[in-house]
Amino acid sequence: MKHTVCKVVTVVFALLPVFGLFGCGGGKKYTSDDVVLINTAYYGTEMNPVYSFALKKEKDGWLFSADCLVGSQKDHYTSFGSFPITAEDAEAFLHIICEDGEIEKIYKHRDPIRIFRSSDAPARSSGMTFSDGNTIEKETMLGDRALNYLYALADRYYEAAESSADTPPDTAAN
């Protein structure tokens, strides 16, 4: 009997790392319908971010924040926060992150192990908050299609956002 118990305990302990790595029953699978906030930013060595975007779902619709270069020649730096956008624009972005598997990518991404951290080194980060309150923040960037769409949204809305008295600046990451 004692020998059998030892074997069972040994097998259970041997399988624990496997269940820990791959999950036992797995966590909740999120979809683009579960996203209530998505943000991404890239800071270089300048004071302003190279880009910073956020898309947040509110009761009344979607709010968009951006800090980036805009215009046909990318010659104007804009910074606006919490500007309402159309549901179609938000849905098109969510469709892109769904098609490109961005939720799965951010979940699977492992942040680098850093022994030394340089304060002036470029930094990328992306995060998502879901309808159940869970949040993921990683040191990574969204894919090219998603970033290109966020830049297109900034180009589309920056003039109206900058002229609006209701939009506070520098709130893209909030």
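Data block above holds the structure.
Residues numbered from 1 in each chain as written. Predicted model: local features only at pLDDT ≥ 70, side-chain atom pairs only at ≥ 80, totals over all residues. Heavy atoms only, no water.

**Student:** Go over the pattern of salt bridges with me, naming the residues and quoting the values.
**Tutor:** Under the counting rule described, the total for this entry stands at 6 salt bridges. Taking the shortest distance from any N to any O, the salt bridge between Asp 155 and Lys 74 comes out at 3.1 Å. Of this pair, Asp 155 sits in helix 4 (residues 144–163) while Lys 74 sits in the loop between strand 3 (61–70) and strand 4 (76–85), and the two are 81 residues apart along the sequence. Using a relative accessible area of 35% as the deciding quantity, one classes Lys 74 as partly exposed. For Arg 145, the salt bridge identified is with Asp 100, shortest N-O distance 2.8 Å. One end of the pair, Arg 145, is in helix 4; the other, Asp 100, is in the loop between helix 2 (87–99) and helix 3 (102–108), with 45 residues separating them in the sequence. Given a relative accessible area of 40%, Arg 145 falls into the partly exposed group. (Salt bridge = Lys/Arg side-chain N within 4 Å of Asp/Glu carboxyl O. Helix = DSSP H or I, 4+ residues; strand = E, 2+ residues; numbered from the N terminus. Buried < 20%, exposed > 50% of the residue type's maximum accessible area, 1.4 Å probe, protein only.)

**Student:** Please provide a residue-by-residue account of the pairing of strand 2 (residues 51–58), values included.
**Tutor:** Pairing analysis gives 6 bridges linking strand 1 (residues 35–43) to strand 2, with the strands arranged antiparallel. Counterpart to Asn 39 in the pairing with strand 2 is Ala 54. Bridge count for strand 2 against strand 3 is 8 bridges, and the pairing is antiparallel. Bridge pairing in strand 3 links Lys 57 to Trp 62. What sits between strand 2 and strand 3 in their antiparallel hairpin is a turn of 2 residues. (Pairing = 2+ DSSP bridges.)

**Student:** Go over unusual backbone geometry with me, naming the residues and quoting the values.
**Tutor:** If you check the backbone angles, Lys 74 has positive phi at about 55° while not being a glycine. For Ser 82, which is not glycine, the phi torsion reads 50° and is therefore positive. Among the structural elements, Ser 82 can be located in strand 4.

**Student:** Mind laying out helix 4, listing which residues take part and the relevant values?
**Tutor:** Along its 20 residues, helix 4 runs 29 Å from first to last C-alpha, staying within 8% of the 28 Å computed at 1.5 Å per residue. Remark: the principal bend of helix 4, roughly 50°, maps to Tyr 157. By the burial criterion, the buried members of helix 4 are Ala 146, Leu 147, Tyr 149, Leu 150, Tyr 151, Leu 153, Ala 154, Tyr 157, Tyr 158 and Ala 161. Buried residues belonging to helix 4 abut strand 1, strand 2, strand 3, strand 4 and helix 2. (Expected span 1.5 Å × (residues − 1). Bend = angle between axes of the 7 residues up to and from the residue. Contact = heavy atoms within 4.5 Å.)

**Student:** Account for the pairing of strand 1, with residues named and values stated.
**Tutor:** Strand 1 sits mainly inside the fold: 7 of its 9 residues count as buried. Relative to strand 5 (residues 123–130), strand 1 runs antiparallel, the two being bridged by 8 bridges. Note that in strand 5 the partner of Tyr 42 across the bridge is Arg 124.

**Student:** An account of the side chain of Thr 129 is requested, with residue identities and associated values reported.
**Tutor:** Mapped onto the secondary structure, Thr 129 falls in strand 5. The exposure class assigned to Thr 129 is buried, which follows from its relative accessible area of 17%. Side-chain polar atoms of Thr 129 contact the side chain of Thr 135, separated by 3.3 Å. Aside from chain neighbours lying at most four places away, what touches Thr 129 is Asp 34, Val 35, Val 36, Leu 37, Asn 134 and Thr 135. (Polar contact = N/O pair within 3.5 Å; in protein donor to acceptor, adjacent residues only side chain to side chain.)

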